[in-house]
Amino acid sequence: MLLLALDTATPAVTVALHDGSSVVAASSQVDARRHGELLLPAVDRVLAEAGVRLDAVTGIVVGVGPGPYTGLRVGLMTADTFGLALGVPVHGLCTLDGLAYGAEVDGPFVVATDARRKEVYWARYEDPRTRVTEPAVDRPADIAEQVAGLPAVGAGAVLYPDTFPDARAPENVSAAALASLAAEKLAAGEELDAPRPLYLRRPDAQVPKNYKVVTPK
């Protein structure tokens, strides 16, 4: 097994390579505006560090969000392209699950990422491997009672300390954690999700209300 994992659902552009036993190389950069520019060079760095060629990869793992439309689609389209070119399976994992798996928290906790518009993408976890609610998008104040008293990881927790006073690392998702979770699940015979984007609301970009359609003569 040689899994190439990547995630662009958050400001982190993160890539890792997992050989079925451990992560052999990883790269992470935080830049919300340059997912498309940074992803492929990061893949090249990770492969070079591991000393392997892309055609040695036996599977692709990609974070499916939730996340903003523009960044999320960069990772998903890249993963699909790699899968088609190499003829290998492409597995999807919830980005929040990757964040949770990388957390060092005992007992129940919350994962919250920045959803912009003064909202967070979030879910509750029983432990780093077990999610107990579906991913959702809400204003922090609206979920205060549901998350009260729980530690929280992710950039959303850092942004809204009134709702998440016990914010802990990690702040950003790591492809290393995503790859390790995927490898563990596959080794246990579990099926992973399809690589389909987890969009919880409409894109930020909207067609202007007074947009005029011009029909060519």
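The rules behind the values
Residues numbered from 1 in each chain as written. Predicted model: local features only at pLDDT ≥ 70, side-chain atom pairs only at ≥ 80, totals over all residues. Heavy atoms only, no water. Salt bridge = Lys/Arg side-chain N within 4 Å of Asp/Glu carboxyl O. Helix = DSSP H or I, 4+ residues; strand = E, 2+ residues; numbered from the N terminus. Buried < 20%, exposed > 50% of the residue type's maximum accessible area, 1.4 Å probe, protein only. Pairing = 2+ DSSP bridges. Axes fitted to C-alpha atoms, helices over the stretch in contact; angles between N-to-C directions. Contact = heavy atoms within 4.5 Å. Phe/Tyr/Trp six-rings, centres within 6.5 Å; stacked < 30°, edge-to-face > 60°. Expected span 1.5 Å × (residues − 1). Polar contact = N/O pair within 3.5 Å; in protein donor to acceptor, adjacent residues only side chain to side chain.

Novice: Could you clarify how one ought to interpret the pattern of salt bridges in this entry?
Specialist: Once their charged atoms are close, side chains differing in charge can pair, the charge on each being opposite to the other. Applying the stated criterion to the full structure yields nine salt bridges. In this structure, the salt-bridge partner of Asp97 is Arg131, at a minimum N-O distance of 2.8 Å. Of the two residues, Asp97 is situated in helix H3 (residues 95–101) and Arg131 in strand E8 (residues 130–131); the sequence distance between them amounts to 34 residues. Residue Asp97 is classed as buried on the basis of its relative accessible area of 13%. The partner of Arg129 in a salt bridge is Glu184, with the nearest N and O atoms 2.3 Å apart. Placement of the pair is Arg129 in the loop between strand E7 (119–127) and E8 and Glu184 in helix H6 (residues 175–187), with a sequence separation of 55 residues. Using a relative accessible area of 32% as the deciding quantity, one classes Glu184 as partly exposed.

Novice: Honestly, the sheet that holds strand E1 (residues 3–7) in this entry has me stumped. Any pointers?
Specialist: Across a sheet, strands are paired by hydrogen bonds formed along the backbone, either parallel or antiparallel in direction. The strand order E3-E2-E1-E4-E5 describes an open sheet built from five strands, whose pairing is mixed. A single partner strand is all that each edge strand has here, and the edge strands are strand E3 (23–30) and strand E5 (90–93). For this sheet, the mean inter-axis angle between neighbouring strands, taken without regard to orientation, is 15 degrees. The sheet contact formed by strand E4 (residues 59–63) and E5 spans four bridges and is parallel. Its bridge partner being in E5, Gly63 is matched across the sheet by Leu93. Each of E1, E4 and E5 is contacted by helix H2 (residues 69–86), which is oriented at about 170 degrees to E4, the strand it contacts most.

Novice: Where do I start with the packing of aromatic side chains in this structure?
Specialist: By convention here, two paired aromatic rings are described through the distance between centres and the angle between planes. Applying the stated criterion across every chain, the model contains two aromatic pairs. Look at Tyr69 and Tyr199: their rings are 5.3 Å apart centre to centre, the planes differ by 40 degrees, and that puts the pair in the tilted class. Here Tyr199 lies in the segment after H6 and Tyr69 lies in helix H2, a separation of 130 residues in the sequence. We classify Tyr69 as partly exposed; its relative accessible area is 34%. Residue Tyr199 is classed as partly exposed on the basis of its relative accessible area of 33%. When the ring of Phe109 is compared with that of Tyr125, the centres are 5.6 Å apart and the planes differ by 15 degrees; the resulting orientation is stacked.

Novice: It is not clear to me how H6 should be interpreted in this structure. Could you clarify?
Specialist: Helical geometry: 3.6 residues make up each α-helical turn, so side chains three or four residues apart lie on a common side. Under the 1.5 Å per step criterion, the end-to-end length of H6 is 18 Å for 13 residues, consistent within 8% with the ideal 18 Å. For H6, every residue scored as buried is listed here: Ala175, Ala176, Ala177, Leu178, Ala179, Leu181, Ala182, Ala183 and Lys185. Contact partners of the buried residues in H6: E1, strand E2 (12–18), E3, E4, E5 and H3. Where H6 begins, the side chain of Ser174 points an oxygen toward the backbone nitrogen of Ala176, at a separation of 3.1 Å. Downstream of H6 by one or two residues, Gly189 has phi in the positive range, about 80 degrees.

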